[in-house]
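Listed here are the chains, written in short residue letters.
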Amino acid sequence: MMESLLKLHNIQTHIGQFHILQGIQFEARVGEVSVLLGRNGAGKTTTLKTIMGLTPASSGSITFLNEEISKKPTYEIANTGIGYVPEDQGIFAQLTVEENIKVAMRKETSEAFERQEYVLTLFPDLKKFWKKAGGNLSGGQKQMLAMARAFVNDSKLLLIDEPSKGLAPIVVEKVMEAIMEMKKRTTIVLVEQNFFMASRIGDTFTLIDDGRTVHTGAMNELISDDAMKHKYLGIG
Amino acid sequence: MDLLISLIINGLATGMLIFLLAAGLTLIFGLMDVLNFSHGGLFVWGAYTGVFTYIITESFIVGIMVAILTGMVLGFLMEKLIITPVYGNHVQQILITLGFMLVLQEMIKVVFGPNAIPVKVPDYLAGSWEMGEVIIIKYRIFIIVVGFIVFGVFHYILTHTKIGLIVRAGVMNKEMVQALGINIKKVFLFVFMTGAALAAIGGMLMAPYSGSIYAEMGMEFAILGFIVVVIGGMGSFSGSLLAAILVGLAGSFMAYYIPFLSLAVNMILMAIVLIFRPQGLFRMAKE
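For every chain, the first residue of the written sequence is number 1, and numbering continues from 1 onward in sequence order. Chains carry letters from A onward and ligands carry numbers from 1 onward, assigned in written order. A pLDDT threshold of at least 70 governs which residues receive local features in this predicted model, and a stricter bar of 80 or more applies before side-chain atom pairs are shown or counted, although totals over entire chains, interfaces and linings include all residues. As a rule here, side-chain values cover all heavy atoms of the structure and leave hydrogens and water aside.

The name that an unreviewed UniProt entry assigns to chain B is Branched-chain amino acid ABC transporter permease, with the source organism given as Ureibacillus aquaedulcis. UniProt positions are given in the numbering used here, feature names are shortened, and annotations may be inferred rather than shown by experiment. Annotation of chain B in UniProt includes, under Subcellular location (unreviewed entry), the sentence "Cell membrane". Under the Sequence similarities (unreviewed entry) heading, UniProt states for chain B: "Belongs to the binding-protein-dependent transport system permease family. LivHM subfamily."

K.L.:
What am I meant to see in the pairing of strand β7 (residues 157-161) of chain A here?
P.N.:
The two faces of a sheet get side chains in turn, since along a regular strand they alternate between them. Residues and elements named next belong to chain A. Categorising residues by exposure relies on relative accessible area from a 1.4 Å probe, with only protein chains included: less than 20% of the type maximum marks a residue as buried, more than 50% marks it as exposed, and the intermediate range marks it as partly exposed. A run of H or I in DSSP counts as a helix once it spans at least four residues, and a run of E counts as a strand once it spans at least two, with each numbered from the N terminus. Along β7, five of the five residues are buried, which leaves the element largely enclosed by surrounding structure. Burial along β7 is two-sided: the face carrying Leu157, Leu159 and Asp161 and the face carrying Leu158 and Ile160 are both buried. Following DSSP output, two strands are said to pair if at least two bridges run between them. Strand direction decides the pairing type here: β7 and strand β8 (residues 187-191), joined by five bridges, are parallel. Opposite Asp161, over in β8, you have Val191 as the bridge partner. Running through helix α7 (residues 169-183), the crossover from β7 to the neighbouring parallel element β8 is right-handed. With the strands pointing away from the viewer, any crossover whose connection runs clockwise from the first strand over the helix to the second is right-handed.

K.L.:
Please explain the UniProt feature "transmembrane region" (unreviewed entry) in chain B as it appears in this structure.
P.N.:
Residues annotated by UniProt as "transmembrane region" (unreviewed entry) correspond here to residues 7-31, 51-77, 139-158, 187-209, 221-250 and 256-276 of chain B. Counted over residues 256-276 of chain B, helix gives 67% and strand 0%. Its end C-alpha atoms are 27 Å apart.

K.L.:
I'm lost on the pattern of salt bridges in this one. Help?
P.N.:
Working definition: two side chains of opposite charge can pair if their charged atoms are close together. Residue and element names in this part refer to chain A. We count a salt bridge whenever a side-chain nitrogen from Lys or Arg sits within 4 Å of a carboxyl oxygen from Asp or Glu. Inspection of the entire model under this criterion finds 15 salt bridges over all chains. A salt bridge links Glu76 to Lys72, with the nearest nitrogen and oxygen atoms 3.9 Å apart. Accessibility expressed as a relative area gives 22% for Lys72, which makes it partly exposed. Across the pair Asp203 and Lys183 runs a salt bridge, and its minimum N-O distance is 3.2 Å.

K.L.:
Help me understand the sheet that holds strand β1 (residues 4-15) of chain A, please; the structure alone is not making it clear to me.
P.N.:
Hydrogen bonds along the backbone pair up the strands of a sheet, which may run parallel or antiparallel. If you walk across this open sheet you meet the four strands as β2-β1-β4-β5 (chain A), and the pairing is antiparallel. The sheet terminates laterally at β2 (18-29) and β5 (67-68) of chain A, the two strands that pair on one side only.

K.L.:
Please clarify how the packing of aromatic side chains should be interpreted in this entry.
P.N.:
For any pair of aromatic rings, geometry is given as the distance between the ring centres together with the angle between the planes. All names here are of chain B. Stacked, tilted and edge-to-face are the three classes assigned to paired rings of Phe, Tyr and Trp, where Trp is represented by its six-membered ring and a pair needs centres within 6.5 Å; plane angles under 30 degrees give stacked, over 60 edge-to-face, the rest tilted. Applying the stated criterion across every chain yields a total of 17 aromatic pairs over all chains. Measuring from ring centre to ring centre gives 6.0 Å for Phe19 and Phe151, while their planes differ by 65°; the resulting arrangement is edge-to-face. Taken together, the residues Phe19 in helix α1 (residues 2-32) and Phe151 in helix α5 (residues 138-160) connect sequence positions 132 residues apart. Taken individually, Phe19 and Phe151 each receive the classification buried, so the pair is uniform in this respect. Aromatic pair Phe37 and Phe226: ring centres 4.6 Å apart, planes at 25°, arrangement stacked. Of this pair, Phe37 sits in the loop between α1 and α2 (39-57) while Phe226 sits in helix α9 (residues 217-232), and the two are 189 residues apart along the sequence. Three or more aromatic residues joined by ring pairs form one cluster here, namely Phe19, Phe151, Phe154 and Phe237.

K.L.:
Can you help me understand the confidence of the model for chain B in this one?
P.N.:
Should the pLDDT be low somewhere, the predicted coordinates at that spot are not to be read in detail. Residues and elements named next belong to chain B. The score called pLDDT rates the predictor's confidence residue by residue, from a low of 0 to a high of 100. Averaged over all residues, the pLDDT of chain B equals 90, while 98% of them reach at least 70. Mean pLDDT across the elements of chain B bottoms out in strand β3 (residues 134-137) (87) and peaks in strand β4 (residues 212-213) (96). Predicted complex metrics record ipTM = 0.91 and pTM = 0.83.

K.L.:
It is not clear to me how the interface of chain B and chain A should be interpreted in this structure. Could you clarify?
P.N.:
When the parts of a complex come together, some accessible area is lost, and that lost area is often used as the size of the interface. With 21 residues of chain B in contact, the opposing surface of chain A contributes 25 residues. The tally of links from chain B across to chain A stands at one salt bridge. One salt bridge connects B:Arg168 with A:Glu99, and the closest N-O pair in it is separated by 3.6 Å. Polar contacts, as used here, are pairs of N or O atoms within 3.5 Å; protein pairs need one atom able to donate a hydrogen and one able to accept it. Residues neighboring in sequence count only if both atoms are side-chain atoms. The interface formed by chain B and chain A contains five residue pairs in polar contact (both at pLDDT 80 or more). Taken together, the elements giving at least two residues each to the side of chain B that touches chain A come down to α6 (162-172) and α7 (174-179) of chain B. The residue classification treats Ala, Val, Leu, Ile, Met, Phe, Trp, Tyr, Cys and Pro as nonpolar and Asp, Glu, Lys and Arg as charged. All others, Gly included, are polar. Classifying every residue of the side of chain B that touches chain A gives ten nonpolar, five polar and six charged. Throughout, a contact is declared for two residues whenever any of their heavy atoms are within 4.5 Å.

K.L.:
I tried to follow the packing of helix α3 (residues 97-104) of chain A against helix α6 (residues 139-151) of chain A on my own but got confused; where do I start?
P.N.:
Residue and element names in this part refer to chain A. Angles run from 0 to 180 degrees between N-to-C directions of axes, and those axes are lines fitted to C-alpha atoms, restricted for helices to the stretch in contact. Packing of α3 against α6 brings their axes to within 8 Å, and their N-to-C directions diverge by 30°. Taken together, α3 and α6 sit at an angle that is classed as roughly parallel. Crossing of α3 over α6 shows right-handed handedness. Together, Val97, Asn100, Ile101 and Ala104 of α3 and Leu145, Ala148 and Arg149 of α6 make up the contact between the two elements. Angles below 35 degrees are treated as roughly parallel, those above 145 as roughly antiparallel, those between 65 and 115 as roughly perpendicular, and all remaining angles as oblique. Each crossing is labelled by how the near helix is turned from the far one, with a counterclockwise turn of less than a right angle marking it left-handed and a clockwise turn marking it right-handed.

K.L.:
Sorry, what's going on with the sheet that holds β8(A) here?
P.N.:
All names here are of chain A. With respect to topology, six strands assemble into an open sheet ordered β6-β7-β8-β3-β9-β10, the strand pairing being mixed. The open sheet terminates on both sides in strands that have one partner only, identified here as β6 (82-85) and β10 (212-218). Ignoring which end each strand starts from, the neighbouring axes of this sheet average 15° apart. Where strand β9 (residues 204-209) meets β10, six bridges bridge the pair, whose relative direction is antiparallel. When the sheet's bridge partners are listed, Leu207 is paired in β10 with His215. Strands β3 (33-37), β7 and β8 of the sheet are contacted by α7, whose axis makes an angle of about 150° with β8.

K.L.:
Can you help me understand the side chain of A:Thr186 in this one?
P.N.:
Residue and element names in this part refer to chain A. By secondary structure assignment, the location of Thr186 is in the loop between α7 and β8. Given a relative accessible area of 4%, Thr186 falls into the buried group. Of note is the side chain of Thr186, whose polar atom sits 3.1 Å from the backbone oxygen of Lys156.

K.L.:
Quick question: what am I supposed to make of helix α11 (residues 265-276) of chain B here?
P.N.:
The α-helix advances 3.6 residues per turn, and as a result positions three or four apart in sequence lie on the same side. Residue and element names in this part refer to chain B. Expected helix span is given by 1.5 Å per residue-to-residue step, counting one fewer step than there are residues. Here α11 is twelve residues long and its end C-alpha atoms lie 17 Å apart, about the 16 Å a rise of 1.5 Å per residue gives. The set of residues buried in α11 consists of Val265, Asn266, Leu269, Met270 and Val273. When α11 is viewed along its axis, its buried side chains cluster within an angular range of 135° and face the same direction. Lining the buried residues of α11 we find α9 and α10 (237-257). In this context, the arc is that of the directions from the helix axis out to the C-beta atoms.

K.L.:
For this particular structure, what's the right way to read a nonpolar patch on the surface?
P.N.:
Patch membership is restricted to residues that have no salt bridge and whose relative accessible area is over 30%. Joining uses 9 Å for like charges and 5 Å for the nonpolar side chains Val, Leu, Ile, Met, Phe, Trp and Tyr. Only the protein chains shown count as cover for residues, and the accessible areas themselves come from Shrake-Rupley with a 1.4 Å probe. Together, B:Leu69, B:Val73, B:Phe76, B:Leu77 and B:Leu81 give the surface a local cluster of nonpolar side chains, amounting to about 470 Å² of exposed area. Relative to the helices and strands, B:Leu69 resides in helix α3 (residues 60-83).

K.L.:
Would you take a moment to explain unusual backbone geometry for this structure?
P.N.:
With the exception of glycine, most residues fall at negative phi, and the peptide bonds are largely trans. Residue and element names in this part refer to chain A. For Leu65, which is not a glycine, the phi torsion comes out positive at approximately 55°. The residue Leu65 is located in the loop between β4 (59-64) and β5 in this model. Its relative accessible area of 39% is what places Leu65 among the partly exposed residues. Located in the positive-phi region is Asp210, a residue other than glycine, with phi close to 50°.

This is how it looks when you write it as structure tokens:
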């Protein structure tokens, strides 16, 4: 079994008066793609935000590289080596593609520029629109930029929230290929509604329902379990 | 023609003083989402500490340095003690910063006395140049030059440096900036102190321009600063410069041609912008 990189144990998160996460637990192991699945509003996005400290956990523990991070501020969590691609991509609309990547690059080292070159080979469109404002990119290009920005640092873990959302099938295919490539270099926790995509790139799954983890396991188990897919995802 | 040039120079000089106040205000609002109604207090404290230093040392430059230092120290204390507890709550921000504005204003009277203090232009900036029939007052040109230098330096920082990039990104999406590993609180503090220093420089430069300083001058000028921020677009540094020049020129021309409208012209400009472009002329787009 591969080494555990990220571990969530009994995470509870409140947003205002609402108790959103009511017992999330899962583990992401080095080199794997762990997919969080569940219906709309189940708590998948909040789980990623809680890991990043954007909606801090009220209780429970989150350990990353064997260090408790649930009480840290967001920027410190990011600096421990976690890259984040939010659901809305979080592109800085008036900054160019180049500037969006430059803001993200914590240290302008030769390794960072090597990673930048690498993501530009993954997403050649970004090179083409290097001087174009982020706000003027297409939905697919924004997604690529958001992923490139998260990857340009030496992130040991990438949290990617619904990368296929609102994208044309051909673009989804490109994004999926890029995630498969990135997987060779880093560990990924992926939130995805598109089960076809999730099942192709995921190694493990965590099913979330009403803010609780209801099942975790190898992706193959879920693929072959029609009853579970039907019950929690409404498919199969 | 000579009249036109005089009015333009007068308008530009006033515009630059307003710009120095509004630039900090717009950055503080744009990045930190803080409505700082005590900004005028930094302007007046910059003026008083700078002028007193100028009187004691007889050096205008040292006076400006002390004004900047005062602005930065007050900015630091304000951000830590007054602003931090009310982040995200506009009503509380308005109440606490308005209250603090009054405290700053009254403290001026306690520390420096209640009477207006006359301030003379330093000898090397006094007098005027005569170009044909046009008389150009040196100190007004000095203010215009300083204003453009400040704009140039800050524009360069905002567009060509990493910290500037972070500030611009923060104006658009604070949450994402933090998720990229940047301590936004440090950036907030840096911006607040810088904005405070700009206001303090404005106060110090205003002093010889108006000929005297008094405790209420901060409040009077802060209103112009807010009008400029609204016209220029909240969060836009360049917008502030253009709006400040517009307000300065409009005031200068109106005061000469239609004096009874000169006090209302800024409000009229702001009303027009709010009707036709409520986001301001150059608002930095959020994400």
